[in-house]
There are 2 protein chains.
Amino acid sequence: MFASDSRSNAGSDYVTTYGKTHVFALGPDRLFVVLTAGNLSTTQEIINRLRRDAESDDGRPSLHTVDHLFEAADLVGQISLDVQEHHERGLRRSGASGSATLILGGQIAGERAGIFLVYPEGNAITVSPETPYLQIGESKYGKPILDRLIRPSMALADGARLALVSLDATAKSNVTVGMPFDVSLYRHDDFALAASQRFGRDSKAYRTLNESWNRGLATTFDALADSVATDDWTLG
Amino acid sequence: MFASDSRSNAGSDYVTTYGKTHVFALGPDRLFVVLTAGNLSTTQEIINRLRRDAESDDGRPSLHTVDHLFEAADLVGQISLDVQEHHERGLRRSGASGSATLILGGQIAGERAGIFLVYPEGNAITVSPETPYLQIGESKYGKPILDRLIRPSMALADGARLALVSLDATAKSNVTVGMPFDVSLYRHDDFALAASQRFGRDSKAYRTLNESWNRGLATTFDALADSVATDDWTLG
């Protein structure tokens, strides 16, 4: 399950909308989804290079030629480094950061599906049974609700709903995170997305989810009064 | 309502417990509560200087002599700057930061009770009807639940329970935030705390609150399945 927002900004006075979920459906034996965070120019060029190399036959290593998902993550990391170094001279002049962090997920036939987080340094980590999710970009606001509710055995649709709740919390607290939200579901051995859906401000499903969540939180919070009374607290 | 954790650390290999809530009950016409975040040496010295000056009669401006709460916040800011500058030479040598952020709340007779956030730069801001709370230190993880549930008209005890839920979310996501949690309640024109309570790992009230919260979240989350079905999502 993949989820991303689509807010991009260069300072608070230039805010734009760009999807951050990029799907590489490369035939019957491999599918990759790449999520991006960080410098928009860097991430666009990474995606462009990945597409160019996957479509060409010039023998360069590409998402088409790698044999394992961890090698695909390494490839994304090396291309990310190449792009960052290519623009370093110019970016250093202005003090801007060209760094980018990515999530690569998907499957190559013969292996389990998986996800990797690719650091700006080009190296990568994957998940574990204890930590079944990865986050990039503005990750703090949305993390507590993931930690409270995520389970490795969760159904894909539950994961999607949880991601929407987490993204909503983040967007409410940080204006550089915003709708529409993109959610993609991939089922093991399908080599095509099971579903992909965009949730905009006018999405009825999203509004319903949000209202239901806020109502449930309010009810849960009201019930806390019964559990913790302040009457017996120490006097100050 | 004031709430703080008590985790302090110098790197991940030196973690200690220090209360961060400091009460200045200075007679029938003034009470201040100071919460601290940042460099522990700086915040301890700020508190020590505030106490020393409030207890002495040498004519120095102090929490005893200020006429308005915003002047008390400014005093805390100036003392914070003095302490930071006093140690700058030594800290610069090691590259460590001596900066500190504080919350000053309380009341001086004749004014409304209030709270201020004192920046490391020494200047301060207060709350508004739309933003009725202030946070310092590791603020991101605990902010979404505050934004969803806080109301300016909330009862003090509800504010205390909400703060505990917010601190719990933060502590679960960041090991540099941890129990025990200190909660203090102040009622307008009392000039003494209405209650102050410490919640440690073995606090039954806190465990009850936590279990009730987690159970409610799980129930709320399960109910989302009815509101947003993925069956009618676009196929990818």
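Structure: see above.
Predicted, not measured: the structure shown is a model, and the values here were computed from it.

Quick notes on the environment of Thr43 of chain A
Residue placement: Thr43 of chain A occurs in helix α1 (residues 40-55). When the C-alpha positions of Thr43 of chain A and Gln84 of chain A are compared, they lie 9.5 Å apart, and in sequence the two are 41 residues distant.

Some remarks on the relation of the copies chain B and chain A
It takes a turn of 180° to lay chain B on chain A, together with a shift of 0.0 Å along the axis; the resulting RMSD is 0.0 Å. Interpreted geometrically, this transformation is the action of a two-fold axis. Minimal C-alpha distance to the rotation axis in chain B is attained by Tyr141 of chain B, lying at 2.3 Å.

Considerations on the interface of chain B and chain A
The interface is formed by 51 residues belonging to chain B together with 51 residues belonging to chain A. Counting the surface lost from both chain B and chain A, the interface buries some 4,500 Å², and carbon and sulfur atoms represent 67% of this. For the pair chain B and chain A, the number of links is 4 salt bridges. Between Glu138 of chain A and Lys140 of chain B there is a salt bridge, and its shortest N-O distance comes to 2.9 Å.

Looking at empty space enclosed by the protein
Empty space among the atoms becomes apparent when a probe as large as a water molecule is rolled across them. Under the definition given, this model contains 1 cavity of 30 Å³ or more. In this structure, the largest cavity spans a volume of roughly 190 Å³. As for the largest cavity, its lining consists of 17 residues, and the residues nearest its centre are Pro144 and Ile145 of chain A together with Pro144, Ile145 and Trp213 of chain B. When residues of the lining of the largest cavity are traced back to their parent elements, those giving at least two are α4 (143-149), α5 (156-173) and α6 (204-227) of chain A together with α4 (143-149), α5 (156-173) and α6 (204-227) of chain B.

Focus: the sheet that holds strand β1 (residues 2-4) of chain A
All names here are of chain A. Pairing within the open sheet is antiparallel, and its 3 strands lie in the order β1-β9-β10. What marks the edges here is a single partner per strand, and that holds for β1 and β10 (193-199). In this sheet, neighbouring strand axes are inclined to one another by 10° on average, regardless of whether the strands run parallel or antiparallel. Against the sheet, α5 contacts β1, β9 (181-186) and β10, and its axis sits at roughly 160° relative to β9.

Considerations on the packing of aromatic side chains
Residue and element names in this part refer to chain A. Applying the stated criterion to the full structure yields 4 aromatic pairs over all chains. Here the aromatic rings of Phe199 and Tyr206 are separated by 6.4 Å at their centres, their planes lie at 45°, and the arrangement is tilted. Grouping residues by exposure puts Phe199 and Tyr206 together as buried. Grouped by ring-pair contacts, the aromatic residues Phe181, Phe199 and Tyr206 constitute a single cluster.

Comments concerning unusual backbone geometry
Residue and element names in this part refer to chain A. In this chain, Met179 is followed by Pro180 through a cis amide linkage whose omega measures 0°. Relative to the helices and strands, Pro180 resides in the loop between α5 and β9. Even without a glycine there, the phi angle at Phe191 is positive, about 55°. Looking at the element boundaries, Phe191 is found in the loop between β9 and β10. On the accessibility criterion, Phe191 (13% relative accessible area) is buried.

Notes on the sheet that holds strand β7 (residues 114-118) of chain B
Strands belonging to one sheet form pairs held by backbone hydrogen bonds; the direction of such a pair is parallel or antiparallel. Residues and elements named next belong to chain B. Spatially, 5 strands are ordered β4-β5-β6-β7-β8 in an open sheet, and the strand pairing comes out antiparallel. Whereas interior strands pair on both sides, the edge strands pair on one side only; in this sheet they are β4 (21-25) and β8 (124-126). With direction set aside, neighbouring strand axes in the sheet form an average angle of 20°. Pairing analysis gives 5 bridges linking β4 to strand β5 (residues 30-38), with the strands arranged antiparallel. Its bridge partner being in β5, Val23 is matched across the sheet by Val33.

How each quantity is defined
Residues numbered from 1 in each chain as written. Chains lettered and ligands numbered in written order. Predicted model: local features only at pLDDT ≥ 70, side-chain atom pairs only at ≥ 80, totals over all residues. Heavy atoms only, no water. Helix = DSSP H or I, 4+ residues; strand = E, 2+ residues; numbered from the N terminus. Least-squares fit on C-alpha atoms with pLDDT ≥ 70 in both. Contact = heavy atoms within 4.5 Å. Buried area = accessible area lost by both parts, 1.4 Å probe. Salt bridge = Lys/Arg side-chain N within 4 Å of Asp/Glu carboxyl O. 1 Å grid on protein atoms, 1.4 Å probe; cavity = no way out; pocket = protein on both sides within 12 Å on 5 of 7 lines; lining within 4 Å. Points joined across faces, edges and corners; volume = space filled by probe spheres on them. Pairing = 2+ DSSP bridges. Axes fitted to C-alpha atoms, helices over the stretch in contact; angles between N-to-C directions. Phe/Tyr/Trp six-rings, centres within 6.5 Å; stacked < 30°, edge-to-face > 60°. Buried < 20%, exposed > 50% of the residue type's maximum accessible area, 1.4 Å probe, protein only.

These values are about where atoms sit, not about what they do.
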